[in-house]
Amino acid sequence: MRKLLVSPRTALALMGAIAAACCAASFVPQIADSSPAVIGAWRSASPLTYRLAGVLRLDRIYTSPWFLLLVAAAGVVLAYSVRLQFRGCLSGLAGSGAPAVQFPGQGRLSAALSARGYSMLPASAGEARFAANRPGRWGSPVFHLGLLLVIVAAFLTFAFQQRGFVQLIEGEVFDGAAADFLTVNNGPLAGRFLVPFSLRMNKLEQAYWGNGQPRDFGSRVDFLEESGRPAPALISVNNPFRRRGVTVYQSPYYGYSVSLALKRPAGAETLTHFLLDRAAVPSRPAVGGADFPGTGYLFWLEFLPDAAGRSFFVKDPVLKARVTEGGRVVFDGPVPMDGTVRVGADSLRVAAVRGWSGLVFVRDRWQGLAYAGLGLCVLGAALMFLLPYRELAVALPDAGEAVVRAVSGREMDLLREEARDIEAELKKWKE
Amino acid sequence: MTPLKAGILLHWAAVTLYILSTVAYAAAATFSRESLLKKGWWLALAGLLPHSAALALRWYATGHGPYMAKYEVFSSNAWVAVLMFLVFSKKIPRLRAAGYVVLPASFLMMTAGLFTSPELRFLPPSLRSFWLVLHTVFAKLAVGGILIAVGASILYLVRERKGGAEAASLPALDDYAGRFAGFGFIFWTIMTAAGAIWANETWGRYWGWDPIETWSLITWLLFGSYLHGRRSLGWRGGKAAWVLLGCFVLSLATVFVIPFVFDTLHGEYFR
């Protein structure tokens, strides 16, 4: 077992297997990020491969037990390797107190080598040892420790992360209850996601470049706590807000909420909010549709907040509706902002138009561990390749010429060349 | 003349000089004339000047670094690759001959960029982040490092086949290939780490298995395997050179092909 853990072939096999699994996941449609239409088309076109992929979990590779096992195995091999590498480095440190070898012409040799960045190591079997870039020796263990931390953090995040998405209309309050999330994506070992504060959505802010491309968008909110006054904050893309262990992110989903009031001939007025998705550019209308609860109506709405951009004549916002009932069109046309229209036997009016914004709430206690792992990876890789450890041994036969030998380094052929250069340099000095 | 038009003209001037430099490198390799290698180096340096001016003008006109749209991405990748090559081949003259890989790759990237629409594009909200700068700078440095490593590997394979006096330099070339692949690996690691932290700041997750993220991981794993193989399994010489070329083809696919094949969050920079 120990042999298997320390074998470089095991590490290579695991890296190859993880790469192959990722490659497969790129080509086999994954349930988590494919539309139902794609999955449906696959199922009807090739029922056998669809079933086989389901059995082997190829349609959800990244959460499949075999993939998690593969990554866990990589973690175990890494942990073992990190332990051995640190032990090796520490044992090198422990020996550094030993006296360095004394020999004739030591000053000249040390000067030649220190000009190339080498310093003398403790004696070893009658040879003088010199090393350059000594911190570089720690590169590999630090890099592998970083990778191990990233893997551990990934598993902990996968198991315990709490994540919820909510759509809030301007003026609405999210009270932090788990049931109020539109979608929740919690880890298998995470409990119910209860947000320890309430949040009121005040205003959706949007900014555009001169050519109409979105420049920035965000939500002006108030954090409401049981004690104290509301704390205002702006949550925008790339600027999440952290509060009491929960981070709130601006999602890319936002748009307009159109509130419509429908009055039946013999009944009270009913109010419903339709959330329309914003268009890529402000000159295009926000669109969306849904049924009107309690009626057989199906609404499709198009809302243009700034009609002036497309017409010299129309300046106000424009709302267009297409209403069907049992497949039959009962209304198709503009709905005035301050009037009513007939929809079948009923009357319809616009009660309000406001912005809505999608916010993502995340509680991830392992973020620091992942960041530390990434930082160590970068530090370790930099130490390994920017400060590559090099070690030379110099044998000094009595009254003979120094023999310089390459002992350890990432680039042994270049190190041998350097050893030959040093030998030649020393010979020149002697002459 | 607008800065945009001036930039395009300067780009074409740089492409012309890089082509001349490539011709010098190719002639040096064909006729075994060292003096042509020096001419190739100076021509590449001459090309870098209008290239730098073109990128500076573009930066001035757009208000952001050269990392939006194919035109800017290709051009800045080529600039970093040529700059890295000039610096390292000055320091390590034995690497000069790798110019016949780095220079053609650079002018081909630039020409590909020039033939796409070079109109101005503004940064969308998700790309307006400090992490974008770190992420893209290190991606470009990785491309530069890998290109030099590939140049050294191809040089190795060519000289190995030719044999003769040049064969004496083979072990050192092999080590240089490993060293620059190592540089590419560090920069790829930093790029990935910066991307993961940025993704967490933007979307609240480090890793979303987006196609580019996935293929970037695959490339990283393969370069890691190559370096592991060199370090622990004694992969050297022709075998290592071929493995590195395989990794390079994959990294090319990751950066330049995957955004066209799959629907990806990273597609924004390459539209």
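Residue positions are given per chain, counting from 1 as you read along its sequence in written order. Each chain gets a letter, beginning with A, and each ligand a number, beginning with 1, in the order they are written. Per-residue local features are limited, in this predicted model, to residues with pLDDT of at least 70; the limit for side-chain atom pairs, both in listing and counting, is 80 or more; totals at the level of whole chains, interfaces and linings are taken over all residues. Excluded from the side-chain calculations are hydrogens and water; all other atoms, namely the structure's heavy atoms, are used.

### Structural notes on the overall build of chain A
Argument step 1. Along its length, chain A carries nine helices and 19 strands.
Argument step 2. The C-alpha radius of gyration computed for chain A amounts to 34 Å, which surpasses the reference 22 Å derived for 431 residues by more than 25%, pointing to a less compact arrangement than a globule.
Argument step 3. In terms of overall dimensions, chain A has C-alpha extents of about 115 × 50 × 50 Å along its principal axes.
Argument step 4. With a 1.4 Å probe rolled over the protein chains alone, any residue whose accessible area is under 20% of its type maximum counts as buried; one over 50% counts as exposed, and the rest are partly exposed. Burial analysis of chain A (431 residues in total) assigns 42% to the buried set.
Argument step 5. Here the accessible surface of atoms and residues is derived via Shrake-Rupley with a 1.4 Å probe, and residues count as covered only by protein chains that are part of the display. Carbon and sulfur atoms make up 59% of the accessible area of chain A, which totals about 22100 Å².
Argument step 6. For the charge count, each Lys or Arg is scored as positive and each Asp or Glu as negative, with His and the chain ends excluded. Here the site of a charge means atom NZ of a Lys, CZ of an Arg, CG of an Asp or CD of a Glu. Positive and negative side-chain charges of chain A, numbering 46 and 34 respectively, have mean locations separated by a distance of 4 Å. What counts as a helix is a DSSP run of H or I of at least four residues, what counts as a strand is a run of E of at least two, and both are numbered from the N terminus. The quantity called the radius of gyration is restricted to C-alpha atoms. Its globule counterpart is 2.2 Å times the number of residues to the power 0.38.

### Thoughts on the overall build of chain B
Argument step 1. Along chain B, the regular secondary structure elements total eight helices and zero strands.
Argument step 2. For 271 residues, the compact-globule estimate of 2.2 N^0.38 gives 18 Å, and chain B sits close to it at 19 Å.
Argument step 3. Considered along the principal axes of its C-alpha atoms, chain B spans approximately 60 × 50 × 30 Å.
Argument step 4. A burial count over chain B gives 62% of its 271 residues as buried.
Argument step 5. We call two residues in contact when some of their heavy atoms are within 4.5 Å. A separation threshold of at least 6 residues defines the contact pool for chain B, and within that pool the share at least 24 residues apart is 79%.
Argument step 6. Carbon and sulfur atoms make up 71% of the accessible area of chain B, which totals about 10500 Å².
Argument step 7. A gap of 10 Å separates the mean positions of the 23 positive and 12 negative side-chain charges of chain B.

### Regarding the sheet that holds strand S6 (residues 198–208) of chain A
All names here are of chain A.
Argument step 1. The pairing criterion is simple: DSSP has to find at least two bridges between the two strands. Here we have four strands laid out as an open sheet, ordered S4-S6-S7-S8, and antiparallel in their pairing. In this open sheet, the two strands that pair with only one neighbour each are strand S4 (173–174) and strand S8 (231–236).
Argument step 2. Bridging between strand S7 (residues 214–224) and S8 involves six bridges; their strand directions are antiparallel. Bridge pairing in S8 links Val 221 to Ala 233.

### Let's talk about the packing of aromatic side chains
Residue and element names in this part refer to chain A.
Argument step 1. Any pair of Phe, Tyr and Trp rings, taking the six-membered ring for Trp, is counted once the centres come within 6.5 Å. Such a pair is stacked with planes under 30 degrees apart, edge-to-face with planes over 60 apart, and tilted for the rest. This model, assessed by the stated rule, comprises 37 aromatic pairs over all chains.
Argument step 2. Between the aromatic rings of Phe 181 and Phe 193, the centroid separation amounts to 5.4 Å while the plane-to-plane angle is 15 degrees, which identifies the pairing as stacked. Residue Phe 181 is located in the loop between S4 and strand S5 (183–184), and its partner Phe 193 is located in the loop between S5 and S6; the two are separated by 12 residues in the primary sequence.
Argument step 3. For Phe 181, a relative accessible area of 7% puts it in the buried group.

### Description of the confidence of the model for chain B
Argument step 1. For every residue, the predictor assigns a confidence score, pLDDT, that lies between 0 and 100. Of all residues in chain B, 96% have pLDDT values of 70 or greater, and the mean over the chain is 88.
Argument step 2. For this predicted complex, the interface score ipTM comes out at 0.87, alongside a pTM of 0.87.

### Here we look at the domain arrangement of chain A
Residues and elements named next belong to chain A.
Argument step 1. Structurally, chain A comprises domain 1 (159–252 + 360–365) and domain 2 (255–357).
Argument step 2. With both chains or domains summed, domain 1 and domain 2 bury close to 1200 Å², and 55% of this area falls on carbon and sulfur atoms.
Argument step 3. When two parts are brought into contact, each loses some accessible area as probed by a 1.4 Å sphere; the total of that loss over both is the buried area. Counting the surface domain 1 buries against domain 2, the share from its top three residues, Gln 167, Ile 169 and Glu 170, is 41%.
Argument step 4. By the criterion applied in these results, polar contacts are pairs of N or O atoms within 3.5 Å in which, for protein atoms, one can donate a hydrogen and the other can accept it, and in which residues neighboring in sequence qualify only through two side-chain atoms. There are six residue pairs in polar contact (both at pLDDT 80 or more) connecting domain 1 and domain 2.
Argument step 5. Those elements giving two or more residues to the side of domain 1 that touches domain 2 turn out to be strand S3 (162–169), S6, S7 and strand S10 (246–263).
Argument step 6. Residue classes follow a fixed rule: Ala, Val, Leu, Ile, Met, Phe, Trp, Tyr, Cys and Pro count as nonpolar, while Asp, Glu, Lys and Arg count as charged, and any other residue, Gly among them, counts as polar. Residues of the side of domain 1 that touches domain 2, tallied by class, amount to eight nonpolar, five polar and one charged. Here the bounds of each domain stem from an automatic or database domain assignment.

### Some thoughts on the side chain of A:Gln367
Argument step 1. If you trace the backbone, A:Gln367 turns up in helix H8 (residues 367–386).
Argument step 2. Other than its neighbours up to four places away in sequence, A:Gln367 contacts A:Arg242, A:Tyr249, B:Asn200 and B:Tyr206.

### Some points on the interface of chain A and chain B
Argument step 1. The interface of chain A with chain B comprises 51 residues on the first partner and 49 residues on the second.
Argument step 2. Here chain A and chain B share an interface that buries about 4500 Å² over both sides, 64% of which is from carbon and sulfur atoms.
Argument step 3. Where B:Glu201 meets A:Arg242, a salt bridge forms, and the shortest distance between an N and an O atom there is 3.0 Å.
Argument step 4. At the boundary of chain A and chain B, one finds 20 residue pairs in polar contact (both at pLDDT 80 or more). Within this document, salt bridges are pairs made up of a side-chain nitrogen of Lys or Arg and a carboxyl oxygen of Asp or Glu, the two lying within 4 Å of each other.

### Thoughts on the pattern of salt bridges
Argument step 1. Per the stated rule, a full pass over the model turns up 20 salt bridges over all chains.
Argument step 2. When the shortest N-O distance is used, the salt bridge between A:Glu417 and B:Arg94 registers 2.8 Å. Here B:Arg94 lies in the loop between helix H3 (69–91) and helix H4 (99–114) and A:Glu417 lies in helix H9 (residues 412–430), a pairing that spans two chains.
Argument step 3. For B:Asp175, the salt bridge goes to B:Arg230, with nearest N and O atoms at 3.5 Å. Of the two residues, B:Asp175 is situated in helix H6 (residues 170–203) and B:Arg230 in helix H7 (residues 211–232); the sequence distance between them amounts to 55 residues. As far as burial versus exposure is concerned, B:Asp175 and B:Arg230 are alike and both buried.
Argument step 4. When salt bridges that share partners are traced, they join A:Arg116, A:Arg390, A:Glu418 and A:Glu425 into one network.

### Digging into the nonpolar core
Argument step 1. With 105 residues, the main nonpolar core has A:Ile18, A:Phe143, B:Tyr18, B:Phe85, B:Phe180, B:Trp220 and B:Tyr226 as its most contacted residues.
Argument step 2. A per-element tally of this core places H6(B) first, with 14 residues.
Argument step 3. When near neighbours in sequence (up to four residues on either side) are disregarded, B:Tyr18 contacts B:Ala44, B:Gly47, B:Leu48, B:His51, B:Val82, B:Leu103, B:Phe107 and B:Met110.
Argument step 4. Counting residues in each nonpolar core, the second largest holds 22 residues, with A:Ala286, A:Phe303, A:Leu348 and A:Val350 among its members. In these notes, a set of buried Ala, Val, Leu, Ile, Met, Phe, Trp, Tyr and Cys residues joined through side-chain atoms within 4.5 Å is what counts as a nonpolar core.

### A look at the side chain of B:Thr136
Argument step 1. Looking at the secondary structure, you find B:Thr136 in helix H5 (residues 130–162).
Argument step 2. For B:Thr136, a relative accessible area of 13% gives the class buried.

### Thoughts on the pairing of S6(A)
In summary, the side chains of a regular strand alternate between the two faces of the sheet.
Residue and element names in this part refer to chain A.
Argument step 1. Where S4 lies against S6, two bridges are found, and the strand directions are antiparallel. Each bridged residue has a counterpart across the sheet, and for Phe 174 the counterpart in S6 is Leu 199.
Argument step 2. What sits between S6 and S7 in their antiparallel hairpin is a turn of five residues, with Gly 212 showing a positive phi close to 95 degrees.

### Some details on unusual backbone geometry
Argument step 1. The backbone phi angle of A:Asn238 is positive, close to 70 degrees, even though this residue is not glycine.
Argument step 2. Position of A:Asn238 relative to the elements: it lies in the loop between S8 and strand S9 (241–243).
Argument step 3. Here the phi dihedral of B:Trp209 falls at roughly 55 degrees; this positive angle occurs in a residue that is not glycine.

### A closer look at the environment of B:Arg230
All names here are of chain B.
Argument step 1. A relative accessible area of 8% places Arg 230 in the buried class.
Argument step 2. As a C-alpha pair, Arg 230 and Gly 178 span 52 residues in sequence and 7.7 Å in three-dimensional space.
Argument step 3. In this structure Arg 230 touches Asp 174, Asp 175, Gly 178, Trp 235, Arg 236 and Ala 240, once residues within four positions along its chain are discounted.

### So, the packing of H6(B) against H7(B)
All names here are of chain B.
Argument step 1. Axis lines are fitted to C-alpha atoms, over the contacting stretch for helices. Their N-to-C directions set the angle, which ranges from 0 to 180 degrees. Two elements in contact, H6 and H7, have axes whose closest approach is 10 Å; the angle formed by their N-to-C orientations is 145 degrees. Between H6 and H7 lies a crossing of left-handed hand. Residues Asp 174, Asp 175, Ala 177, Gly 178, Ala 181, Gly 182, Phe 185, Trp 188, Thr 189, Met 191 and Thr 192 of H6 form the contact with H7, whose participating residues are Ser 216, Thr 219, Trp 220, Phe 223, Gly 224, Tyr 226, Leu 227 and Arg 230. Less than a right angle of anticlockwise turn of the near helix away from the far helix marks a crossing as left-handed, whereas a clockwise turn marks it as right-handed.

### Concerning H5(B)
Every α-helix winds through 3.6 residues per turn, so residues three or four apart in the chain are directed the same way.
Residues and elements named next belong to chain B.
Argument step 1. Between its first and last C-alpha atoms H5 spans 49 Å; for 33 residues at 1.5 Å apiece the expected length is 48 Å, and the two agree.
Argument step 2. Its side-chain oxygen placed 3.0 Å from the backbone nitrogen of Trp 131, Ser 129 serves as the N-cap of H5.
Argument step 3. Taken from the residues just after H5, Gly 163 is the one with a positive phi, measuring 70 degrees. Helices are assigned an expected span. That span is 1.5 Å times one less than the residue count.

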